[in-house]
Amino acid sequence: MSGLSWSPGSDALTKITPLIRTSQQLTTDTLAKLAALDGSAYVSIPGSRHALDALAAAISAASSGTTCLTQAIAANPLHGVGFPGPPADEDAIRHARNAEAVPLVTEHLADAASDFDLAATCCAYIASGIADAVRAHPAHSRTPTPTAATPRRHARR
């Protein structure tokens, strides 16, 4: 997001809005994964509690990133016309609002990027840890027992 090119007003709204939608969907998907893990046999594996807690923290970081994006929208000046009354220099007002908004929106976007980076890093470590824990778990290394559909080979005498 730090490389996102935008201008105050409608341009920023147009460019930030899809980021909010994507971040909300990713947060929702990750929350579903957390719920699935919580209700699975994974919870019996040593260390699973820490992985679940870390995944919940990743969801929190992603949610915080989404909040930063919405704060950028709130700080972004949309250019309408003021209330009726004495004549106002609309160009001067627009220029002043833009000048005030640029550093605020930039800061919110940088904070969002940082939060999403943290969430992504957490998810990468968690995924690796879960895969290692599942591979190391005794239930994973059991040899499957033959079933009726599997032909058995008898040892030659």
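The numbers attached to residues start from 1 for each chain and follow its sequence in the written order. Reporting of local features is limited, given that this is a predicted model, to residues whose pLDDT is at least 70; pairs of side-chain atoms are given and counted only at 80 or more, and all residues count toward the totals for whole chains, interfaces and linings. Each side-chain value is worked out from all heavy atoms of the structure, with water and hydrogens disregarded.

A. Looking closely at the overall build of the protein chain. Helix and strand counts for the protein chain stand at three helices and zero strands. Under the scheme used here, helices are H or I runs from DSSP no shorter than 4 residues and strands are E runs no shorter than 2 residues, and both carry numbers assigned from the N terminus. Element order for the protein chain, N to C, with α for helix and β for strand: α-α-α. Under the scheme applied here, a residue whose accessible area is under 20% of the maximum for its type counts as buried, over 50% as exposed, and between as partly exposed, the area being computed with a 1.4 Å probe on protein chains only. By the burial criterion, 25% of the 157 residues in the protein chain qualify as buried. All accessible areas in this document rest on Shrake-Rupley with a 1.4 Å probe, and a residue is counted as covered only by the protein chains that are shown. Total accessible area computed for the protein chain in this model is approximately 10,700 Å², and 59% of it derives from carbon and sulfur atoms.

B. Local environment of the nonpolar core. Formed by 14 residues in total, the largest nonpolar core has its most connected members in Ile16, Leu69, Val105 and Leu109. Beyond its immediate chain neighbours, meaning those up to four positions away, Ile16 contacts Leu4, Leu69, Ala72, Ile73, Val105 and Leu109. To define a nonpolar core, start from buried Ala, Val, Leu, Ile, Met, Phe, Trp, Tyr and Cys residues and group those joined through side-chain atoms within 4.5 Å. What makes two residues a contact is simply this: any of their non-hydrogen atoms within 4.5 Å.

C. Representation of the environment of Ala74 within the structure. In this structure, Ala74 sits in helix α2 (residues 48–75). Taking the relative accessible area as the measure of exposure, Ala74 reaches 67% and is therefore exposed. Each C-alpha atom of the pair Ala74 and Leu13 lies 9.6 Å from the other, and the pair is 61 residues apart in sequence.

D. Region of the structure containing the pattern of salt bridges. One speaks of a salt bridge when a side-chain nitrogen belonging to Lys or Arg is within 4 Å of a carboxyl oxygen belonging to Asp or Glu. In this structure the tally under the stated criterion is three salt bridges. Linking Lys15 and Asp11 is a salt bridge whose minimum nitrogen-to-oxygen distance equals 3.4 Å. With Lys15 and Asp11 both in helix α1 (residues 10–38) and four residues apart, the pair spans about one turn of that helix. Take Asp11: its relative accessible area is 27%, and that puts it in the partly exposed class. The partner of Arg94 in a salt bridge is Asp91, and the shortest N-O contact between them spans 3.7 Å. Of this pair, Arg94 and Asp91 both sit in helix α3 (residues 90–136), separated by three residues, roughly a single helical turn.

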